[in-house]
Amino acid sequence: MSLSGPPEPTATESASAPRRNETDVQRLDRNWLSLLQELRVTQTGTQIVGGFLLALAFQPRFTELDLYQLTVYLILVGTATTTTVLALGPVSLHRLLFGKHAMKQIVRVADVLVRATLVGVAVILAGTTLLVFDVVLGRTAGQVAGAAVLLVIVAVWLVLPRRAKR
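Residues numbered from 1 in each chain as written. Predicted model: local features only at pLDDT ≥ 70, side-chain atom pairs only at ≥ 80, totals over all residues. Heavy atoms only, no water.

## Focus on helix α2 (residues 67-97)
Thought 1: Compared with an ideal rise of 1.5 Å per residue, which puts 31 residues at 45 Å, α2 spans 44 Å between its outermost C-alpha atoms and is within 8% of the ideal.
Thought 2: Where α2 bends most, the angle comes to about 35°, and this point is Gly89, followed within four residues by the proline Pro90.
Thought 3: For α2, the N-terminal cap is Asp66; the gap from its side-chain oxygen to the backbone nitrogen of Tyr68 is 3.2 Å.
Thought 4: Among the residues trailing α2, Gly99 stands out with phi positive, at a value near 80°. (Helix = DSSP H or I, 4+ residues; strand = E, 2+ residues; numbered from the N terminus. Expected span 1.5 Å × (residues − 1). Bend = angle between axes of the 7 residues up to and from the residue. Polar contact = N/O pair within 3.5 Å; in protein donor to acceptor, adjacent residues only side chain to side chain.)

Structure, rendered in structure tokens:
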């Protein structure tokens, strides 16, 4: 990695973004710290919802779930587990490559893992809403509520940032 000339943008930066007066190493460190902060927020939410899902199996009404609800539940538990693994991936990656001068690769791979984590979080949030509304109000209400949450996620996580950038 060369320290001369303007640094190349990483996966978390745009090529058209204004340049900071920092070296490649400083920029990678800043990007790594930004990714870690994003993961801290994401992991907390994922752990809370994951804990809620795991606690459901020990509730008296759990035995009353129909096949559809059990299937949604098991998909959500699997998604929560996978999302937690994805969210912890950058930490493991950093630990394994620590001191090997691989920060560029760590930041690039961590960026992909954080994006995949956000997809998992979206599925967990929409699916959990679907399941709760389905159990409480019925199948149609569950599907509408789950779709509404997914729509809000798309609007806030994808559409809003693109519009704000303009």
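## With respect to the packing of helix α1 (residues 24-56) against α2
Thought 1: At their nearest, the axes of α1 and α2 sit 9 Å apart, and the two run at 155° to each other. Classified by the interaxial angle, the pair formed by α1 and α2 is roughly antiparallel. Seen along the crossing, α1 lies across α2 with a hand that is left-handed. In contact with Trp32, Leu39, Gln43, Thr46, Gly50, Leu53, Leu54 and Leu56 of α1, α2 contributes Tyr73, Leu76, Val77, Ala80, Thr83, Thr84, Ala87, Leu88, Pro90 and His94. (Axes fitted to C-alpha atoms, helices over the stretch in contact; angles between N-to-C directions. Parallel < 35°, antiparallel > 145°, perpendicular 65-115°, else oblique. Left-handed = near helix turned anticlockwise from the far one by under 90°. Contact = heavy atoms within 4.5 Å.)

## So, the environment of Val121
Thought 1: Examined against the element boundaries, Val121 turns out to sit in helix α3 (residues 103-137).
Thought 2: Owing to a relative accessible area of 11%, Val121 belongs among the buried residues under this scheme.
Thought 3: Note: C-alpha distance between Val121 and Thr42 (79 residues apart in sequence) is 7.8 Å.
Thought 4: Setting aside residues no more than four positions away along its own chain, Val121 makes contact with Thr42, Thr46, Thr83 and Trp157. (Buried < 20%, exposed > 50% of the residue type's maximum accessible area, 1.4 Å probe, protein only.)

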